[in-house]
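This is what each chain is made of:
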Amino acid sequence: MRKNFGAKTWLYPMPVFIVAAYDEAGRPNAMNAAWGGIHTDDMVGLCLSEGHKTTKNILATRAFTVSMATADCLAACDYVGLVSGNQVPDKVARAGFHTVRSAFVNAPLIEELPMALECELVSYDEESNHLVGRIVNVSADESVLDGEGQIDPARLKPVTYDPVHLCYRPLGEAVGKAFAIGKKLK
């Protein structure tokens, strides 16, 4: 028997993204965003209201980065979602984050967050708050790479947002090989 909850923004897993951009003076800002994901082969889609300082920065500079929030930096990742860059212009520094400029787009990489999508703005719809960015590069710190040079989720320790219980949850262990485990049913 199923229980109906009505229209809710409940979906598992919901990524926890830290979206960062420079303002026109070159100061970094970042925000926590859970509504987003891969849009097409080389694009990411995010739902960001135009009132956010980070959204204003993206619209001005036409570039941004998207990092996965990690268990190791959870308090700082939550902080940049609690505090507005419109009121606290140095919130990135207050979170304890350090930034370097991406070599691919005019946007900051947060050194403490070891994986990032480096993106250029493609479109923003003010009515739906839907932002689309082209992924120009994916970068990852060597500390989160496995022996084959690929990103290892166990080392990255990304977290997801639980919209029902309002908490962050770690990703779990692998339970099957994609595009393989279902072959036994053919």
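Residues numbered from 1 in each chain as written. Predicted model: local features only at pLDDT ≥ 70, side-chain atom pairs only at ≥ 80, totals over all residues. Heavy atoms only, no water.

Caption draft 1: Main features of helix α1 (residues 53–61). Within α1 the residues assigned to the buried category are Thr54, Thr55, Asn57, Ile58 and Thr61. Each buried residue of α1 lies within a common arc of 160° when the element is viewed along its axis, so the set occupies one face. For α1, the elements touching its buried residues are β2 (17–22), β3 (28–33), β6 (63–68), β9 (115–125) and β10 (130–140). Among the residues trailing α1, Arg62 stands out with phi positive, at a value near 65°. (Buried < 20%, exposed > 50% of the residue type's maximum accessible area, 1.4 Å probe, protein only. Helix = DSSP H or I, 4+ residues; strand = E, 2+ residues; numbered from the N terminus. Arc of directions from axis to C-beta. Contact = heavy atoms within 4.5 Å.)

Caption draft 2: How the structure looks around the environment of Leu109. With respect to the helices and strands, Leu109 occurs in strand β8 (residues 108–110). Overall, the relative accessible area of 17% leaves Leu109 in the buried class. For Leu109 and Leu171, which are 62 residues apart along the polypeptide, the C-alpha to C-alpha distance reads 23 Å. Ignoring anything within four residues of it in the chain, the contact list for Leu109 reads Thr65, His98, Thr99, Val100, Ser102, Ala116, Glu118 and Ser139.

Caption draft 3: Inspection of the environment of Leu59 at higher detail. As for its placement among the helices and strands, Leu59 is situated in helix α1. Ignoring anything within four residues of it in the chain, the contact list for Leu59 reads Leu121 and Tyr124.

Caption draft 4: Highlighting the sheet that holds β9. Strands sit in the order β3-β2-β6-β9-β10-β5-β4 across an open sheet of seven strands; the sheet is antiparallel. Edge positions in the sheet fall to β3 and β4 (36–40), since each of these pairs with one other strand and no more. Across the sheet, the mean angle from the axis of one strand to that of its neighbour is 35°, orientation sign disregarded. Note that β2 and β3 share six bridges and pair antiparallel. Following the sheet pairing, Ile18 is matched in β3 by Asn32. Packing of α1 onto the sheet brings it into contact with β2, β3, β6, β9 and β10, and relative to β2 it is tilted by some 50°. (Pairing = 2+ DSSP bridges. Axes fitted to C-alpha atoms, helices over the stretch in contact; angles between N-to-C directions.)

Caption draft 5: Looking closely at the packing of aromatic side chains. Evaluated as defined, the whole model comprises three aromatic pairs. Here a set of aromatic residues connected by ring pairs shows up, and it is made of Trp35, Tyr161 and Tyr168. (Phe/Tyr/Trp six-rings, centres within 6.5 Å; stacked < 30°, edge-to-face > 60°.)

Caption draft 6: Region of interest: the pairing of β3. Where burial is concerned, most of β3 is hidden: five out of the six residues are buried. Connecting the antiparallel pair β2 and β3 is a turn made up of five residues, with Gly26 showing a positive phi of about 90°.

What is shown is where atoms sit, not what they do.
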